[in-house]
Amino acid sequence: MRSSYLEEDVMLLLKDITGLVQPQPTEERERLIQAGKHYCEMLPIEYVPSSKYMEVYREALRHYAAPTAQAVAVLADKILEKRGKEVVLVSLARAGVPVGILLKRYLRYRYGIEAAHYGISIIRGRGIDKNAMRCLLERYAPERLLFVDGWIGKGAILGELEKDLEEFEGVPAELAVLADPANVTQLCGTHEDILIPSSCLNCTVSGLISRTFLRDDMIGEKDFHGAVYYGELADADLSYEFIHAIEKEFGGKWEMHKITAEEKSPIGSGVEEVKEIAGRFGIEDINLVKPGIGETTRVLLRRVPWKVLIDKEHEKDAALAHIIRLAEEKKVPVERYPLRHYRACGLIRKMADT
């Protein structure tokens, strides 16, 4: 699969379906999803950020490059301690790919380790790309594989991973992420709901590739899951601007006093809080509740939001500025709410109510 990333940074085990899928408007996709059509059988029209939103993104990058770099460093150290120097990074496309590149580059920068890095697809409800897994297992011992993602919201993808990997003997069902406010993995850079600036944008910060795609008429039995390359957006590509901004913070002052995620571990699980929120707002399907900064951003970028919840104690936090900006642009109400594990939570509108 082509992308705007260098091959030395990542090898994407995806089928290039550029030009074969017609993107659909957000509301049309949302109606189809809620009527039972799987989201992986469609692609959204990529959000084109306004100039004001891009100002907010660049401000977020300035403010949160150092905390993101710190999370990368803490996670890299945990990976080395638990998995050793022979680890193979397997990023879950697409949000995991920039994080995997940062981990690969930090391991080289700090320890001189050249870790192999791949990107593969996993889809909630459809599972991991089995052909990609077979490809990896032809090259590497199963215990060397480590899956990487950007953040954890409720933990649905981790659950999917644990279920799917029962088929692949010896592959550890672990997920390494920068932020785990749901408190479901110790392989994280932090348990705080931090802003990872790459969550603010779509393909233009992810190598110009789409989210992954799986439909029988286009993806054969022996194919990898598919993705589209948005070459027409090359002039707007910020993928390496993001990588370099975080890299510049490697070895910063925080390096002398890294904080381990265990010290900041919250009480209870994020899933419990999500169920409470669903009950409070009369939402029967918890998949319509998307907690955390990253997931809330995704709701605003490619779903049909009902409202956004902002934690009362963090409502003036710069990490939420892009969320508030997006909500204003899309005329989505923002409500102050006492969140425990998260700083923000997106609620998706039930289309039957529109």
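It should be emphasised that the depicted structure is a prediction, and the values quoted were computed from it without experimental measurement.

Caption draft 1: Local environment of the sheet that holds strand β4 (residues 117-120). In space, the six strands of this open sheet follow the order β1-β4-β3-β7-β8-β9, with parallel pairing throughout. The open sheet terminates on both sides in strands that have one partner only, identified here as β1 (11-12) and β9 (188-190). In this structure, strand β7 (residues 145-151) lies alongside strand β8 (residues 175-179), joined through four bridges in parallel fashion. If you follow W151 over to β8, its bridge partner there is A179.

Caption draft 2: Inspection of the pairing of β4 at higher detail. What you see with β4 is no split at all: H117 and G119 on one side and Y118 and I120 on the other are buried throughout. Relative to β4, β1 runs parallel, the two being bridged by two bridges. Across the sheet, the residue bridging to L12 is G119, located in β4. In this sheet, β4 lies alongside strand β3 (residues 88-92) in parallel orientation, the contact comprising four bridges. Within β4, the position partnered with L89 by the bridge is H117.

Caption draft 3: Region of interest: the environment of Y140. Relative to the helices and strands, Y140 is located in the loop between α4 (130-139) and β7. With relative accessibility at 15%, the residue Y140 sits in the buried group. In contact with Y140, not counting residues within four places along its chain, are V88, A116, Y118 and L145. A distance of 2.7 Å separates the side chain of Y140 from the side chain of Y118, its partner in a polar contact.

Caption draft 4: View of the pattern of salt bridges. Summed over all chains, the structure comprises 28 salt bridges. A salt bridge links D9 to R105, with the shortest nitrogen-to-oxygen separation between them at 2.9 Å. Taken together, the positions of D9 in the segment before β1 and R105 in helix α3 (residues 96-111) put the pair 96 residues apart, joining distant regions of the chain. Residues D9 and R105 agree in their burial class; the two are buried. Here R134 ties to E167 by a salt bridge, and the two come within 4.0 Å at their closest N and O atoms.

Caption draft 5: Representation of the state of the cysteines in the model. Enumeration over the complete set of coordinates arrives at zero disulfides. Not engaged in a disulfide, the cysteine C188 finds its nearest cysteine sulfur in C345; these two sulfurs lie 19 Å apart. The buried category is assigned to C188, whose relative accessible area is 0%. The closest cysteine sulfur to the non-disulfide-bonded C203 is located on C200, 15 Å from its own sulfur.

Caption draft 6: The arrangement of the packing of aromatic side chains in detail. Within the structure shown, the criterion is met by seven aromatic pairs. Plain terms: the ring middles of Y118 and Y140 are 5.8 Å apart, the flat faces sit at 65 degrees to each other, and that makes the pair edge-to-face. Pair noted here: Y118 is in strand β4 and Y140 is in the loop between α4 and β7, with a separation of 22 residues, a long-range link. Judged by relative accessible area, Y118 falls into the buried class, the value being 7%. Geometrically, the ring pair formed by F281 and W306 is edge-to-face, given 6.1 Å between the ring centres and 90 degrees between the ring planes.

Caption draft 7: Seen up close, the packing of helix α2 (residues 51-83) against helix α6 (residues 239-247). Relative orientation of the contacting elements α2 and α6 amounts to 45 degrees, with a least axis distance of 8 Å. In terms of orientation, α2 lies oblique with respect to α6. Of the two elements, α2 crosses α6, and the hand of that crossing is right-handed. Counted together, Y57, R58, L61, A65, T68 and A69 of α2 and E241, F242, A245 and I246 of α6 form the full contact between these two elements. Taken together, the residues that form the contact of α2 with α6 break down as seven nonpolar, one polar and two charged.

Caption draft 8: Here's a closer look at the environment of K154. Tracing the backbone shows K154 in the loop between β7 and α5 (156-164). Classification of K154 as buried rests on a relative accessible area of 13%. Once the C-alpha coordinates of K154 and G270 are considered, the two residues, 116 residues apart in sequence, prove to be 6.0 Å apart. Not counting residues within four places of it along the chain, the set of residues in contact with K154 comprises A182, V271, V274, I286, N287, V289, K290, P291 and Y342.

Caption draft 9: Local environment of unusual backbone geometry. In this model, A93 is joined to R94 through a cis peptide bond whose omega is 5 degrees. Considering the arrangement of structural elements, one finds R94 in the loop between β3 and α3. In this structure, K331 takes a positive phi of about 55 degrees despite not being glycine. Structurally, K331 is set in the loop between α9 (321-330) and β13 (334-337). Accessibility expressed as a relative area gives 74% for K331, which makes it exposed.

Definitions and cut-offs
- Residue numbers here run from 1 along each chain, matching the order of that chain's written sequence.
- Thresholds applied to this predicted model are a pLDDT of at least 70 for local features of residues and 80 or more for the giving and counting of side-chain atom pairs; totals over whole chains, interfaces and linings are not thresholded and use all residues.
- To obtain the side-chain values, all non-hydrogen atoms of the structure were included, while hydrogens and water were left out.
- Each pair of strands is called paired provided DSSP finds at least two bridges between the two strands.
- Numbering of helices and strands runs from the N terminus; a helix is a DSSP stretch of H or I covering at least four residues, while a strand is a stretch of E covering at least two.
- Think of it in three bands: residues with accessible area under 20% of the maximum for their type are buried, residues over 50% are exposed, and the middle band is partly exposed, with areas taken using a 1.4 Å probe on protein chains only.
- By definition, residues are in contact when any of their heavy atoms lie within 4.5 Å.
- Whenever two N or O atoms come within 3.5 Å, that pair is a polar contact, provided that in protein one can donate a hydrogen and the other can accept it, and provided that, for residues adjacent in sequence, both atoms are side-chain atoms.
- Salt bridge, as used here, is a side-chain nitrogen of Lys or Arg placed within 4 Å of a carboxyl oxygen of Asp or Glu.
- For the purposes of this analysis, a disulfide is any pair of cysteine sulfur atoms at a distance within 2.5 Å.
- Put simply, two rings from Phe, Tyr or Trp (the six-membered ring, in Trp's case) pair if the centres are within 6.5 Å, and we call them stacked under 30 degrees between planes, edge-to-face over 60, tilted for the rest.
- All axes are obtained by fitting lines to C-alpha atoms, using only the stretch in contact for helices, and the reported angles, taken between N-to-C directions, cover 0 to 180 degrees.
- Geometric relationships in this document are graded by angle, where less than 35 degrees denotes roughly parallel, more than 145 denotes roughly antiparallel, 65 to 115 denotes roughly perpendicular, and other angles denote oblique.
- Crossing handedness is defined as follows: a turn of the near helix away from the far one that is anticlockwise and smaller than a right angle gives a left-handed crossing, while the clockwise case is right-handed.
- Basically, the charged four are Asp, Glu, Lys and Arg, the nonpolar ten are Ala, Val, Leu, Ile, Met, Phe, Trp, Tyr, Cys and Pro, and anything else, Gly included, counts as polar.

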